[in-house]
Amino acid sequence: EELYVRRGRRSGLFTIVGNQVQVKPGANIDFEAAQSHDITVRVTDHGGKSYTEHLTIRITNVNEAPTAPVLTGATVAENSAGAVIGTVTATDPDLYDKLHYDVSDARFEVVNGQLKLKSGVALDFEKEPSIALKITTVDAGGLTASRDYAITVTDKNDAPTNLKAREGVYTGRA
């Protein structure tokens, strides 16, 4: 028994076991790389007579998980409502699979690949100089991959507040 791909080369993906064509152990069958494989099976008896059959093996697609998100840029200035913090990217081996992102902190969202503060939301360095976030990539089939990030809030010189005047001396908070 011999197994060939149609072009005459031995196939590295398939093997014959008994009377079955099987995927070789450890072989990577990937729908996105090839939706079918054309093979030729030739059987030769002890007298030298042979029979050849051409087969097409069709591959069915399975949903594969996306990659964990990668955040480029993780710093935001305090008091910057709706600010863009960085760019979020991920990939999915499934062709044409749409991805979206979930963020563990409701003050943040990913819009068009950008991690940003939601409209009207600003951060305060004095209260929270760093924020732990988990960003999760979700594919069309519901498979996920997550990664943790620390967002750094930078300090800005705040204008003084609560000024009180008393005999030429001014006090207040900055």
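Peer 1: Please provide a residue-by-residue account of the overall build of the protein chain, values included.
Peer 2: Looking only at helices and strands, the protein chain has zero helices and 15 strands in total. Looking at the protein chain residue by residue over its 174 residues, the buried ones come to 27%. Of all intrachain contacts in the protein chain linking residues separated by at least 6 positions in sequence, the fraction that spans at least 24 positions is 54%. For the protein chain, the computed accessible surface area is about 11400 Å², with 50% contributed by carbon and sulfur atoms.

Peer 1: So, the sheet that holds strand β9 (residues 100–103): which residues are in play, and what are the values?
Peer 2: As summarised here, the arrangement of the four strands in space is β7-β13-β12-β9, forming an open sheet in which the pairing is mixed. Either end of the sheet is taken by a strand with one partner, and the two such strands are β7 (75–77) and β9. For this sheet the average axis-to-axis angle between neighbouring strands, irrespective of direction, equals 35°. In this sheet, strand β13 (residues 144–154) lies alongside β7 in parallel orientation, the contact comprising three bridges. Each residue of the ladder has a partner; that of valine 76, found in β13, is valine 153.

Peer 1: Could you give an account of the environment of phenylalanine 125, with specific residues and numbers?
Peer 2: Looking at the secondary structure, you find phenylalanine 125 in the loop between β11 (114–117) and β12 (130–138). It is 5.6 Å that separates the C-alpha atoms of phenylalanine 125 and valine 153, two residues lying 28 residues apart in sequence. Beyond its immediate chain neighbours, meaning those up to four positions away, phenylalanine 125 contacts Glu78, Val153, Thr154 and Asp155.

Peer 1: How would you summarise the side chain of threonine 136 if you had to cite specific residues and measurements?
Peer 2: In this structure, threonine 136 sits in strand β12. Of the polar contacts made by the side chain of threonine 136, one reaches the side chain of serine 146; its length is 2.7 Å. Filtering out sequence-adjacent residues up to four positions away, threonine 136 remains in contact with Pro69, His100, Tyr101, Asp102, Thr144, Ala145 and Ser146.

Conventions we followed
Residues numbered from 1 in each chain as written. Predicted model: local features only at pLDDT ≥ 70, side-chain atom pairs only at ≥ 80, totals over all residues. Heavy atoms only, no water. Helix = DSSP H or I, 4+ residues; strand = E, 2+ residues; numbered from the N terminus. Buried < 20%, exposed > 50% of the residue type's maximum accessible area, 1.4 Å probe, protein only. Contact = heavy atoms within 4.5 Å. Areas by Shrake-Rupley, 256 points an atom, 1.4 Å probe, with all protein chains shown as cover. Pairing = 2+ DSSP bridges. Axes fitted to C-alpha atoms, helices over the stretch in contact; angles between N-to-C directions. Polar contact = N/O pair within 3.5 Å; in protein donor to acceptor, adjacent residues only side chain to side chain.

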